[in-house]
Amino acid sequence: MSEVAHKETHGFQTEVKQLLQLMIHSLYSNKEIFLRELISNASDAADKLRFKALENSALFENDGEVRVRVSVDKEANTITISDNGIGMTRDDVIEHLGTIAKSGTKEFFGNLTGDQAKDSQLIGQFGVGFYSSFIVADNVTVRTRAAGLSTDRGVQWQSAGEGEFSIADIEKAERGTDVILHLKEEEKEFLDEWKVRSIITRYSDHIGIPVEMYKEGTPEQEVEDGDNIPATEGGWEAINKGTALWTRDKSDISDEEYKEFYKSVAHDFDEPLKWVHNKVEGKTEYTSLLYIPKRAPFDLWNRDVKHGIKLYVQRVFIMDEAEKFLPSYLRFVKGLVDSNDLPLNVSREILQDNKATQAIRNGNVKRVLQTLTRMADNSPEDYAIFWKEFGNVLKEGPAEDFSNKEKIAKLYRFASTHADTAEQNVSLDDYIGRMKEGQEKIYYITADTFSAAKNSPHLEVFRKKGIEVLLMSERVDEWMMSHLTEYSEKQFQHVAKANTDLSEMDDEETKKAHEEAEKEFQSFVERAKAALGDKVKEVKVTHKLTDSPAVITTDEHDMNTQMLKLLEAAGQPLPETKYIFEVNPEHALVKRVADESDEAAFKEWVEVLLDQATLAERGSLDNPADFVTRLNKLLVKVS
Ligand SMILES: Nc1ncnc2c1ncn2[C@@H]1O[C@H](COP(=O)(O)OP(=O)(O)OP(=O)(O)O)[C@@H](O)[C@H]1O
């Protein structure tokens, strides 16, 4: 061991300890991924060095050939992954190899149940990176020196992965990072060069820099006819192609290679659902390689986290999470863009109002939407997986990307009264295909839960007439629908709006019967208005109900209940909204109340009917105790 100085011991951040625990248990059957993770970190470090060297070529320290080397030492029982990339300073090491910098990590670990089988599902949502070393190692040493610093500014980090790590200053001649894994007794298979070589070939063929292993020299060999095979010298030999995958021709890239590349770009364990690789020529020249993952990362909904793709300019890595190349409603997409038209010194600010950025972004959106549409048409099973994971993100689309509204809505899937199950598999095109003769609108309902939507009294007339209604119960639905007024030239109509009127579909006889009932109930309506005063906006007779005595609805231009609830939950000031009270003249209870001649008793009954309808609509009352007292009083009377 070399001289160390200024040695300190630090404790890992709690989340690192939790991650280590979780990882060692859940990734055991997938343990060789540590090689992929460490090689992709090394390749990222080389990318970062090249980028920084654009401004300061001295960082190359007269050696611009970046590479990763992997070696095993059978005696010492170690495998070493060594790069000559950007390296780390002492502060970098403490920050990156002692904590997890991702925001939302605490909440993520807060979700662990302690049940190993369940928790191990969660690890897939969380790229494990460097810490995956501890799946196979009982001791890890990192020796690193940041490019451009003097050789005595090296740093050594060491840990057994059990709660703490030590850090010390060392002398390191070469810039870059060596990660030395001391293998656990049962992991000695990783000392076998052939095994390591075959894993690396699989994991890193697409990596843009050489990944090398040492090849021993051979002595001269005698052959019978005297034509001897000359001796070879030992040396480092690249075992991958070393060309960045996206620069290669599509026809030369196998599905396996695309998948492996995805895993190292996205730090995901799973394969992607689909990908789309394009070289665009013409006005704006760029290559994009975009992937649709199978699983949402844990921080998909975290607003503080930048979600984006990698940006390369002329094959030089420029930045991670470049968010300007895709709109936020497609933030689940992973991958990269390599542009020939952006300057190498491009910054996030320059990207903001850049024509090339805009053209690339539009192209990316087009391609992702096309890919999803094809997936929906050709691989419905994959699409169902996609929809379950990312459907709610896509629902932000109409608000963010007005011009693609129709294409985005085509991708939506809902539950509906057609199957009456919670499964979201009805497309708007399916719905339109089943519309009844004379039906002009697409009907939907929004509610807190699927069962509240499915059992809403507003659906009674639709069920009676056999008209399908989309059942929406995701939080984002109400907001999405406020930006989606029509699809395929058909208007959307919320069934809880007072203007939902299916009377045009009634035959003459029914229309006449309804008119008569309305006349007959005219005095009920007047009395109820007087009894309820300004508690309601209006009282009217409805023919929309079969089983319920009454419902409350809102005016076409007023906010409906779900929107009001959303605002309330967000702590926003609520506009004053009064409901329209609609009563069912066919219902026995309503008929009974209509016959009540005592005005005071009539008022009690009407108030109970209104509270019941409010309860069915909102799930709560402003004054529930009042309702209960009133109801009990009436029950005593009738019993
Ligand atoms: N070989 C290396 N050279 C330089 N820096 C490195 C190296 N390996 C890791 N790092 C630094 O440590 C950080 C943490 O690495 P780690 O692998 O845990 O996470 P990550 O690569 O950022 O993300 P992910 O968790 O998605 O893998 C990196 O972001 C990088 O800054």
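Residues numbered from 1 in each chain as written. Predicted model: local features only at pLDDT ≥ 70, side-chain atom pairs only at ≥ 80, totals over all residues.

**Concerning the sheet that holds strand β19 (residues 490–494)**
Remark on secondary structure: sheet strands pair via backbone hydrogen bonds, oriented parallel or antiparallel. One open sheet accounts for five strands, arranged β15-β17-β16-β19-β18; its pairing is mixed. The strands lining the two open edges of the sheet, one partner per strand, are β15 (415–416) and β18 (486–487). As paired strands, strand β16 (residues 442–446) and strand β17 (residues 470–472) are joined by three bridges and run parallel to one another. By the bridge assignment, isoleucine 445 is partnered in β17 with leucine 471. (Pairing = 2+ DSSP bridges. Helix = DSSP H or I, 4+ residues; strand = E, 2+ residues; numbered from the N terminus.)

**Things to note about the domain arrangement of the chain**
When the domains of the chain are assigned, the result is domain 1 (5–216), domain 2 (245–383), domain 3 (412–495) and domain 4 (504–638). Put simply, the middle of domain 1 and the middle of domain 4, counted by C-alpha atoms, are 66 Å apart. (Domains from an automatic or database assignment.)

**What about the site of the ligand?**
In the region of the ligand, 15 residues are neighbours, and Asn41, Ala45, His96, Gly127 and Gly129 sit closest. Tallied by class, residues from the shell around the ligand come to six nonpolar, eight polar and one charged. (Near = placed C-beta within 6 Å. Nonpolar A, V, L, I, M, F, W, Y, C, P; charged D, E, K, R; others polar.)

**Focus on the sheet that holds strand β11 (residues 286–292)**
Spatially, the five strands line up as an open sheet ordered β10-β11-β14-β12-β13, and their pairing is mixed. Of all strands in the sheet, those with a lone pairing partner are β10 (274–280) and β13 (316–322), marking the two edges. Shown here is a sheet whose adjacent strand axes are inclined to one another by a mean of 15 degrees, direction ignored. (Axes fitted to C-alpha atoms, helices over the stretch in contact; angles between N-to-C directions.)

**Things to note about the UniProt feature "domain: Histidine kinase/HSP90-like ATPase" (unreviewed entry) in the chain**
Taking the numbering used here, the UniProt-annotated feature "domain: Histidine kinase/HSP90-like ATPase" (unreviewed entry) corresponds to residues 30–187. The span residues 30–187 shows a helical share of 26% and a strand share of 27%, and its end C-alpha atoms are spaced 13 Å apart. (UniProt positions renumbered as here; feature names shortened; annotations may be inferred.)

**Focus: unusual backbone geometry**
The phi dihedral of asparagine 77 falls on the positive side, at around 65 degrees, and the residue is not glycine. Relative to the assigned elements, asparagine 77 resides in the loop between β2 (68–73) and β3 (78–83). Even without glycine at this site, glutamate 489 takes up a positive phi of about 65 degrees. Judged by the 8 C-beta atoms lying within 10 Å of it, glutamate 489 is exposed. (Buried ≥ 20, exposed ≤ 12 C-beta atoms within 10 Å, placed from the backbone.)

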